[in-house]
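# Summary of structural features
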Amino acid sequence: MSADLPDPHQVDAYAAAHSTPLEPLLEELDAATHASLGAPQMLSGPVVGRLLRTLAFSTRPRLIVEIGTYSGYSALAMAPALAEDGRLITCEVSDEHADFAQGFFDRSEHGARIELRRGPALESLAAIEGPIDFVFIDADKDGYVDYYEAIVPKLAPTGLVAADNTLRDGSVITDPEREGARVMQCFNRHVQDDPRTENVLLTVRDGVTVARLA
């Protein structure tokens, strides 16, 4: 085996080049996010977006819940997987991000089925009745455990939870004492030790954990 490991960015680029591309509207959203919003690295990106759509399709969801809208990329990536009578609720605390995302939702053929709820996510989650077929967690990392605990009791029997950034740019291994790494390690242990669910941590981009009811 060669000792020369490829650059992670090259691996990401190769994966994106060999994944079915998403719609032109999402490419436009990607470019607009980089041009207009801070922290564009928060975008899910084409590989994670395609993964989310594929996972969601497997459940034929009537209800998708997203925690953390940001610019709306992941919501628009998941929306085509909805069942004919399905809907997607996405939760966002930032009005700037919500306004930006809503502008793209309004231009999408799936936008009428996307409901953007503003305010603290836990308040929004408390008002959502299950069963939830698919959940994507991609908000403030300090809140991951609370979000997970709020949605697991509402999961459909075949429901899935996906949580982004669970490798924290590798710092959970390389710099475990860093604050962000400690927070994510706490979440990872919490999920791993939860007897209610089974999970797998995928090494896609920044790490995506997928869990289902056991």
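Shown above is the structure to which this text applies.
Our subject in this report is the structure included herewith. This structure is a prediction, so every number in the text was calculated from the model and none was measured. (Residues numbered from 1 in each chain as written. Predicted model: local features only at pLDDT ≥ 70, side-chain atom pairs only at ≥ 80, totals over all residues. Heavy atoms only, no water.)

Secondary structure assignment for the chain yields nine helices and seven strands. In summary, the chain has a C-alpha radius of gyration of 17 Å against a globular reference of 17 Å for 214 residues, a match within 12%. For the chain, buried positions account for 50% of its 214 residues. Put simply, 69% of the contacts in the chain that link residues at least 6 apart link residues at least 24 apart. Of the accessible surface of the chain, which amounts to about 10700 Å², a share of 54% is contributed by carbon and sulfur atoms. Both charge centroids of the chain, one from 18 positive and one from 34 negative side chains, sit 5 Å from each other. (Helix = DSSP H or I, 4+ residues; strand = E, 2+ residues; numbered from the N terminus. Rg over C-alpha atoms; globule rule 2.2 N^0.38 Å. Buried < 20%, exposed > 50% of the residue type's maximum accessible area, 1.4 Å probe, protein only. Contact = heavy atoms within 4.5 Å. Areas by Shrake-Rupley, 256 points an atom, 1.4 Å probe, with all protein chains shown as cover. Lys, Arg positive; Asp, Glu negative; His and termini not counted. Charge placed at Lys NZ, Arg CZ, Asp CG, Glu CD.)

For Arg182, the location among the structural elements is in helix 9 (residues 179-192). Judged by its relative accessible area of 41%, Arg182 falls in the partly exposed class. For the pair Arg182 and Ser171, spaced eleven residues apart in the sequence, the C-alpha separation amounts to 9.0 Å. The residues touching Arg182, leaving out its near neighbours within four places in the chain, are Pro176 and Glu177.

What follows covers the packing of helix 2 (residues 24-36) against helix 5 (residues 95-105). Packed helices, taken two at a time, are described by the angle their axes make and the gap between the axes. The contact between helix 2 and helix 5 brings their axes to 11 Å, and the two run at 150 degrees. Judged by the inter-axis angle, helix 2 sits roughly antiparallel to helix 5. In the packing of helix 2 onto helix 5, the handedness of the crossing is right-handed. Counting all contacts with helix 2, which are made through Leu25, Glu28, Leu29, Ala32, Thr33 and Ser36, the residues of helix 5 involved are Glu96, Phe100 and Phe104. For the contact of helix 2 with helix 5, the residue count by class is five nonpolar, two polar and two charged. (Axes fitted to C-alpha atoms, helices over the stretch in contact; angles between N-to-C directions. Parallel < 35°, antiparallel > 145°, perpendicular 65-115°, else oblique. Left-handed = near helix turned anticlockwise from the far one by under 90°. Nonpolar A, V, L, I, M, F, W, Y, C, P; charged D, E, K, R; others polar.)

Before going further, it helps to spend a moment on the environment of Gly159. Mapping Gly159 onto the fold places it in strand 5 (residues 155-164). Take Gly159: its relative accessible area is 1%, and that puts it in the buried class. For the pair Gly159 and Val135, spaced 24 residues apart in the sequence, the C-alpha separation amounts to 8.1 Å. Discounting residues that sit within four places of it in the chain, Gly159 has contacts with Ile132, Asp133, Ala211, Arg212 and Leu213.

In this structure, Leu76 and Phe134 are the most contacted members of the largest nonpolar core, which totals 36 residues. Mapped onto this core, the elements with two or more residues apiece are helix 2, helix 3 (45-59), helix 4 (73-78), helix 5, strand 3 (114-118), strand 4 (132-137), strand 5 and strand 7 (208-213). Of all hydrophobic cores here, the second largest spans 27 residues; its members include Ile89, Cys91, Ala121 and Ile128. (Core = buried A, V, L, I, M, F, W, Y, C linked by side-chain atoms within 4.5 Å.)

Moving on, we get to unusual backbone geometry. Across the chain, the bulk of peptide bonds are trans and the bulk of non-glycine residues have phi less than zero. Of the consecutive residues Gly130 and Pro131, the connecting peptide bond is found in the cis state with omega at 0 degrees. Among the structural elements, Pro131 can be located in the loop between helix 6 (121-126) and strand 4. Backbone geometry at Arg60 places phi at a positive 45 degrees, although glycine is not the residue there. Relative to the helices and strands, Arg60 resides in the loop between helix 3 and strand 1 (63-67). The partly exposed category is assigned to Arg60, whose relative accessible area is 42%. The phi angle at Arg205 is positive, at roughly 50 degrees, despite the residue not being glycine.

With that settled, the discussion passes to the side chain of Ser124. Residue position: Ser124 is located in helix 6. Leaving out residues up to four positions away in the same chain, Ser124 has contacts with Cys91, Arg117 and Arg118.

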